[in-house]
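Structural overview for review
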Amino acid sequence: MNATFTQASAQALTPLDSRLPRVGTTIFSTMSALAQAHGAINLGQGFPDFDGDPALVEAVHAAMRDGHNQYPPMPGTVALREAIAAKIQALSGRTYRPDSEITVTAGATQAIFTALQAIVHAGDEVIVLEPCYDSYAPNIELAGGKVVRVPLTSNSYRPDFKAIAAAITPRTRAIIVNTPHNPSATVWTAAEMQALADLLRDTQVLLISDEVYEHMVFDGHRHHSSAEFPALAERAFIVSSFGKTYHVTGWKVGFVAAPAALSVEFRKVHQFNVFTVNTPMQLGLAHYMADPRPYLGLSDFYQAKRDLFAQGLADTALRTLPCAGTYFQCVDYGAVENASHLDPVAFCEWLTREVGVAAIPISAFYATRNDAKVIRFCFAKKDETLRQALALLQKRLR
Ligand code: GLN
């Protein structure tokens, strides 16, 4: 090594001017690491602790063994795009062309990032409804946009259309909507989707419709996709994730359905972002999707887990909030002896360390400080895991 060179480069390097100065490691990674460090049951980060269907795994193996191991087409394999279009058609009645309107992505995270990169110009405003998923705001900022936060109603987490209307300006490029909603577990009604359609109809505002929990809706509620509402569908990037639907969050495969004019711009970014997504999983998913029963049965599967978990929580000092969809159960800890004074982050740390159960503080879904003493549990776990967690919570949270 040349000493002069080493010295010169050390002097030249100034501290990096962060593109995301207010961002640290995500709360999901942080709480999973804490759970592991303390041997706690991890009901924090949202992922199942059980495997997907062996038939799906076998379909992926078969694709690998059959030599499908090179790059697929940039927007995704034809078979998977056709299967996605057929599913959307069957469920919402809307036709998306597989060749020009469906793109397979590396999970919903990449879909949302890429959509924002494709549509946001410097200084454009993007509306998010708080509390919201933690990637939205940094994604908007990385695209050069300005985050405009509109609160959901304070106790029931419903959209406030007066407030949304008031937030729309000539600079508003898009709004991000998530239903079923992480973290509040609310599901937008048809009337609410229609109200959004009425609000956006005469505007140039685009919609990113995050529907990753589309197949987890309980108690007879229905998921209403933006695809069902023409005034929404014509301006929407509809995003979903096979990770949620098929219990394979680690596979990171999702998709975007959007009208051709929007998909063209999406694909321009996608091709230089990831180019494409791994071939064998796409082929395995396409094969497996031919049977609708796994996704049509998912709501019943998770409703049973929600009920088991919520019934057990009734024997604790935690108060359950309504859960109409997703695999998350929010609880209010305001009545927990000796710990209700803690803020949600401190409460989750205490719960992980002292009780042995990890959760996610709701405050992580807000930019600003927020007084709600609410935390989120993930019940996408084996019944046995839920029972073990309940036993700890029942013993300690009186
Ligand atoms: N969406 C999952 C959750 O809300 C986590 C995904 C992640 O870890 N980034 O828990």
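Scope of this entry: the structure provided in the associated data block. Everything numeric here is computed off the predicted structure, so don't read it as measured data.

Before going further, it helps to examine the sheet that holds strand β5 (residues 172-178). Spatial strand order, β2-β8-β7-β6-β5-β3-β4: 7 strands in an open sheet with mixed pairing. The two strands at the open ends of the sheet, each matched to only one other strand, are β2 (102-105) and β4 (146-151). Across this sheet, the average inter-strand angle for adjacent strands is 20°, counted without regard to direction. Two elements, strand β3 (residues 125-130) and β4, share 6 bridges in a ladder whose sense is parallel.

To continue, consider the pairing of β3. Most of β3 is tucked away, with 6 of its 6 residues classed as buried. Side chains Glu125, Ile127 and Leu129 project from β3 onto one buried face, and the interleaved Val126, Val128 and Glu130 project onto a second face that is buried too. You can see the chain leave β3, run along helix α7 (residues 136-142) and come back into β4, and the turn it takes is right-handed. Here β3 runs beside β5; their pairing, made up of 4 bridges, is parallel. For Val128, the partnering residue across the bridge sits in β5 and is Ile176.

Our focus in this paragraph is the packing of helix α15 (residues 298-313) against helix α17 (residues 383-396). Contact pair α15 / α17: the axes reach a minimum separation of 9 Å and the direction vectors enclose 15°. By the criterion of interaxial angle, the relationship of α15 to α17 is roughly parallel. Seen from above, α15 lies across α17 with right-handed handedness. Across from Lys305, Leu308, Phe309, Gly312 and Leu313 in α15, the residues of α17 making contact are Asp383, Leu386, Arg387, Leu390, Leu393 and Gln394. Across the contact of α15 with α17, the residue classes break down as 6 nonpolar, 2 polar and 3 charged.

What follows concerns α15. With 16 residues, α15 should cover 22 Å at 1.5 Å per step; its first-to-last C-alpha distance of 22 Å lies within 8% of that length. Buried positions along α15 lie against α11 (242-245), α14 (293-296), β9 (319-320), β10 (328-332), β13 (374-378) and α17.

What follows deals with the pattern of salt bridges. Applying the stated criterion across every chain, the model contains 16 salt bridges. The shortest N-O distance in the salt bridge between Asp198 and Arg201 comes to 3.0 Å. Arg201 gets classed as partly exposed once you look at its relative accessible area, which sits at 39%. A salt bridge links Asp307 to Arg306; its shortest N-O distance comes to 2.9 Å. Each member of the salt-bridge network shares a partner with another, and the members are Asp219, Arg306 and Asp307.

Right, let's talk about the nonpolar core for a bit. Judged by nonpolar contacts, the single largest core of 70 residues is most densely connected at Phe237, Phe347, Leu351 and Phe377. For this core, the element with the most residues is helix α6 (residues 107-119), which contributes 7 residues. Among residues more than four places away in sequence, those in contact with Leu351 are Gly356, Val357, Ala359, Ile375, Phe377, Leu393 and Leu397. With 53 residues, the next largest nonpolar core counts Trp188, Leu196, Ala197 and Leu285 among its residues.

Okay, the site of the ligand next. As a structural note, the neighbourhood of the ligand is formed by Phe28, Gln45, Gly46, Tyr133, Asn182, Tyr213, Lys244, Phe328 and Arg376. Side-chain polar atom of Gln45 to an oxygen atom of the ligand: 2.7 Å apart, as the coordinates give it. For the ligand, an oxygen atom lies 2.7 Å from a polar atom in the side chain of Arg376. Burial of the ligand by the protein amounts to 81% of the accessible area it has alone, namely 300 Å². Here the shell around the ligand is composed, by residue class, of 4 nonpolar, 3 polar and 2 charged.

Okay, the sheet that holds β9 next. Spatial strand order, β9-β10-β13-β12: 4 strands in an open sheet with antiparallel pairing. Unpaired on one side and paired on the other, β9 and β12 (360-361) mark the two borders of the sheet. Sheet topology note: the β9/β10 ladder contains 2 bridges and is antiparallel. Bridge assignment links Arg319 to a residue of β10, and that residue is Asp332. Seen against the sheet, α15 touches β9, β10 and β13 and runs at an angle of roughly 15° to β10.

Calculation notes
- Residues numbered from 1 in each chain as written.
- Predicted model: local features only at pLDDT ≥ 70, side-chain atom pairs only at ≥ 80, totals over all residues.
- Heavy atoms only, no water.
- Pairing = 2+ DSSP bridges.
- Helix = DSSP H or I, 4+ residues; strand = E, 2+ residues; numbered from the N terminus.
- Axes fitted to C-alpha atoms, helices over the stretch in contact; angles between N-to-C directions.
- Buried < 20%, exposed > 50% of the residue type's maximum accessible area, 1.4 Å probe, protein only.
- Right-handed = clockwise from strand over helix to strand, strands pointing away.
- Parallel < 35°, antiparallel > 145°, perpendicular 65-115°, else oblique.
- Left-handed = near helix turned anticlockwise from the far one by under 90°.
- Contact = heavy atoms within 4.5 Å.
- Nonpolar A, V, L, I, M, F, W, Y, C, P; charged D, E, K, R; others polar.
- Expected span 1.5 Å × (residues − 1).
- Salt bridge = Lys/Arg side-chain N within 4 Å of Asp/Glu carboxyl O.
- Core = buried A, V, L, I, M, F, W, Y, C linked by side-chain atoms within 4.5 Å.
- Near = heavy atom within 4 Å.
- Polar contact = N/O pair within 3.5 Å; in protein donor to acceptor, adjacent residues only side chain to side chain.
- Areas by Shrake-Rupley, 256 points an atom, 1.4 Å probe, with all protein chains shown as cover.

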